[in-house]
Amino acid sequence: MLTKLKYLTSGESHGKGLLGIINGMPAGLEIDEDYIQAQLSRRQKGHGRGKRMKIESDRAEIYSGVRLGKTIGAPIGLIIENMDYKNWVSIMPVDKSTKRIKNITLPRPGHADLAGVEKFGFSDIRNVIERSSARETAMRVAIGSICRKLLKEIKIEIGSRVIQIHDISDDSVVDLTKGAELVTLQADKSDVRCLDKTKSNNMIEKIDSAKKAGDSVGGKFEVFATGIPLGLGSYSQWFDRLQSKISESIMSINAIKGIEFGNGFENSSKRGSKVHDEIGWDGEKYTRYSNNAGGIEGGISNGEPIIFQAAMKPIPTLIKPLRSIDIISKEEKLAHKERTDSCAVPAASIIAESMLCIVIADSVLEKFGGDSILELKNHINS
Ligand SMILES: Cc1cc2nc3c(=O)[nH]c(=O)nc-3n(C[C@H](O)[C@H](O)[C@H](O)COP(=O)(O)O)c2cc1C
């Protein structure tokens, strides 16, 4: 649960576009549309994306809350137009239409389709597809990029890399001593955002062979934050715990089915002496001999880099569809086919970075406060 920043998104996958509002940003933060776009275009990349990403070239228009290149302490409004809307006007009109629109009646396993139509009482799955689609995450990335800019002002860096696609995994341990951004820039050079070149190629082969078979693949990515001050989050209440806030945000991303901090799952089979990060003193500050906790102890950041890994399930829309039931006739048929990605793990890692930016920015504002960036910096320095 965020305490200082509040944000909402609106918009359908093939509607006019996406809207976003973020409230609670301090005044005086320099931000422009190019900075936001750089993150949006990172989200659009990655081997395995479908044709949609070639049509859309996302750009967020800053609609409100920014004047002369700086935030003014007001809610910030953003708009991302859907370039593809022109091809969907007859299917996605806001007004009543006299045109006959063919209903989609074959729910896709693994999607919100069946649960969505049952829940809302629709006879056309299109109503579900449109908002449950991951298209909405473009706006989250735009909002996250404003938070990223705030964090940059106070020398906190957020990054990520892909560590697994299908059954190919890169088990290397990431070196964060020079900051999260450097590692991330390196990962961005790979089409699958993997730091290992050979593994990258193997991952690409796995995506291609799944696509050829009309199938899809998932994977895992690692997200990290460096320059994190000690003391973000708290153990006082369940909702104050930093890992709870991060988990909530990451698990809200479409198709993300698991998260672990540090070496969470692996640690469960080890003895405590092999897990807990021993404490040292370098003459000025406490140090750690390891970071198996992923930078959070007792719900509080301990000054080490925050590191977590998340798992993404394979994309549910399949070119070779699975069995389904027509929601009107109850006949068994193959599930609906929609233009689709065959793998979106690299894109999901960028979305996760953005979600982490929002949570860390919120936690920083909660701990240090400040109505302006200058005030925030003064509080941190004191
Ligand atoms: C970046 C990204 C792109 C995605 N692209 C697709 C896609 O093209 N086709 C699809 O069926 N699912 C895609 N998904 C996954 C679905 O949105 C998701 O599985 C679905 O909404 C059901 O939600 P759940 O998996 O969280 O239960 C994508 C997810 C992300 C994060």
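Residues numbered from 1 in each chain as written. Predicted model: local features only at pLDDT ≥ 70, side-chain atom pairs only at ≥ 80, totals over all residues. Heavy atoms only, no water.

Chemist: Whenever I open this one, the environment of Arg 42 confuses me. Can you help?
Modeler: Secondary-structure assignment places Arg 42 in helix H1 (residues 33–44). Placed 309 residues apart in sequence, Arg 42 and Ile 351 show a C-alpha to C-alpha distance of 9.4 Å. Look past the residues within four positions of Arg 42 in its chain and what remains in contact with it is Arg 148, Thr 184, Asp 188, Arg 193, Ile 350 and Glu 353. (Helix = DSSP H or I, 4+ residues; strand = E, 2+ residues; numbered from the N terminus. Contact = heavy atoms within 4.5 Å.)

Chemist: Is there a simple way to think about the pairing of strand E15 (residues 306–312) in this case?
Modeler: It is a general feature of regular strands that their side chains alternate between the two faces of the sheet. Among the seven residues in E15, six count as buried, and that is most of the element. Pairing of strand E9 (residues 219–226) with E15 involves seven bridges; the strand directions are antiparallel. Directly across from Val 223, in E15, lies its bridge partner Phe 308. Here strand E10 (residues 256–261) pairs with E15 via five bridges, running antiparallel. Note on E15: the bridge partner recorded for Ile 256 is Met 312. (Buried < 20%, exposed > 50% of the residue type's maximum accessible area, 1.4 Å probe, protein only. Pairing = 2+ DSSP bridges.)

Chemist: Where do I start with the packing of helix H5 (residues 137–153) against helix H10 (residues 345–368) in this structure?
Modeler: Any two packed helices are characterised by the angle at which their axes cross and by the distance between the axes. Put simply, H5 and H10 touch, their axes get as near as 7 Å, and they point 45° apart. The angle between the axes of H5 and H10 places the two elements in the oblique class. Crossing of H5 over H10 shows left-handed handedness. Only Ile 351, Glu 353, Ser 354, Met 355, Cys 357, Ile 358, Ile 360, Ala 361 and Val 364 of H10 make contact with H5, whose side of the interface consists of Thr 137, Arg 140, Val 141, Ile 143, Gly 144, Cys 147, Arg 148, Leu 150 and Leu 151. Among the residues making up the contact of H5 with H10, the classes are represented as twelve nonpolar, three polar and three charged. (Axes fitted to C-alpha atoms, helices over the stretch in contact; angles between N-to-C directions. Parallel < 35°, antiparallel > 145°, perpendicular 65-115°, else oblique. Left-handed = near helix turned anticlockwise from the far one by under 90°. Nonpolar A, V, L, I, M, F, W, Y, C, P; charged D, E, K, R; others polar.)

Chemist: Looking at this model, I keep getting lost on the site of the ligand. Mind explaining?
Modeler: Contacts to the ligand come from 19 residues, most closely from His 111, Lys 313, Thr 317, Thr 340 and Asp 341. In this structure, an oxygen atom belonging to the ligand sits 3.2 Å away from a main-chain N or O atom of Ser 132. At a separation of 3.1 Å, an oxygen atom of the ligand approaches a polar side-chain atom of Lys 257. In isolation the ligand exposes 630 Å². Once the protein is present, 86% of that is buried. (Near = heavy atom within 4 Å. Polar contact = N/O pair within 3.5 Å; in protein donor to acceptor, adjacent residues only side chain to side chain. Areas by Shrake-Rupley, 256 points an atom, 1.4 Å probe, with all protein chains shown as cover.)

Chemist: What exactly am I supposed to notice about the packing of aromatic side chains here?
Modeler: Think of a pair of aromatic rings as described by two things: how far the centres are apart, and how the planes are tilted against each other in angle. Per the stated rule, a full pass over the model turns up four aromatic pairs. Judged by centre distance (5.1 Å) and plane angle (80°), the rings of Trp 238 and Phe 239 are edge-to-face. Relative to Tyr 286, the ring of Trp 281 has its centre 5.0 Å away and its plane inclined at 65°; by these criteria the two rings are edge-to-face. Exposure class is identical for Trp 281 and Tyr 286. Each is exposed. Seen from the ring of Phe 120, Lys 119 lies directly overhead, with NZ or CZ sitting 5.3 Å from the centre. Taking NZ or CZ as reference, Lys 367 lies 5.5 Å from the ring centre of Phe 368, over its face. (Phe/Tyr/Trp six-rings, centres within 6.5 Å; stacked < 30°, edge-to-face > 60°. Lys NZ or Arg CZ within 6 Å of the ring centre and 35° of its normal.)

Chemist: Looking at this structure, I do not really get the nonpolar core. What am I missing?
Modeler: One recurring pattern in soluble globular proteins is that nonpolar side chains are buried together. Ranked by size, the top nonpolar core spans 72 residues in total, and within it Leu 151, Ile 246, Ile 250 and Ile 360 carry the most contacts. For this core, the leading source of residues is H10, giving 14 residues. Discounting residues that sit within four places of it in the chain, Leu 151 has contacts with Ile 156, Ile 158, Cys 357, Ile 360, Ala 361 and Val 364. (Core = buried A, V, L, I, M, F, W, Y, C linked by side-chain atoms within 4.5 Å.)

Chemist: Please explain H1 as it appears in this structure.
Modeler: Structural remark: α-helix, 3.6 residues per turn; residues separated by three or four positions point the same way. The terminal C-alpha atoms of H1 lie 16 Å apart, and with twelve residues this matches the ideal 16 Å at 1.5 Å per residue to within 8%. Within the sequence span of H1, burial applies to Ile 36, Gln 39, Leu 40, Arg 42, Arg 43 and Gln 44. Just downstream of H1 lies Gly 46, where phi reads positive at about 110°. (Expected span 1.5 Å × (residues − 1).)

Chemist: Sorry if this is basic, but what is going on with the environment of Gly 370 here?
Modeler: Among the secondary structure elements, Gly 370 is positioned in the loop between H10 and helix H11 (373–381). For the pair formed by Gly 370 and Lys 189, sequence separation is 181 residues and the distance between their alpha carbons is 37 Å. If sequence neighbours within four positions are ignored, Gly 370 has contacts with Pro 26, Leu 365, Glu 375, Leu 376 and His 379.

Chemist: What exactly am I supposed to notice about the sheet that holds strand E8 (residues 168–169) here?
Modeler: Two modes of strand pairing occur in sheets, parallel and antiparallel, and in both the strands are linked by backbone hydrogen bonds. Read across the sheet, five strands follow the order E8-E7-E9-E15-E10 without closing on themselves; strand pairing throughout is antiparallel. Both edges of this open sheet fall to E8 and E10, since each of them pairs with a single strand only. The sheet contacts of helix H8 (residues 242–251) involve E10 and E15, and relative to E10 the element is tilted by about 155°. Relative to strand E7 (residues 157–165), H10 is tilted by about 150°, and along the sheet it contacts E7, E9, E10 and E15.

Remember, this is a structural readout, not a statement about activity or role.
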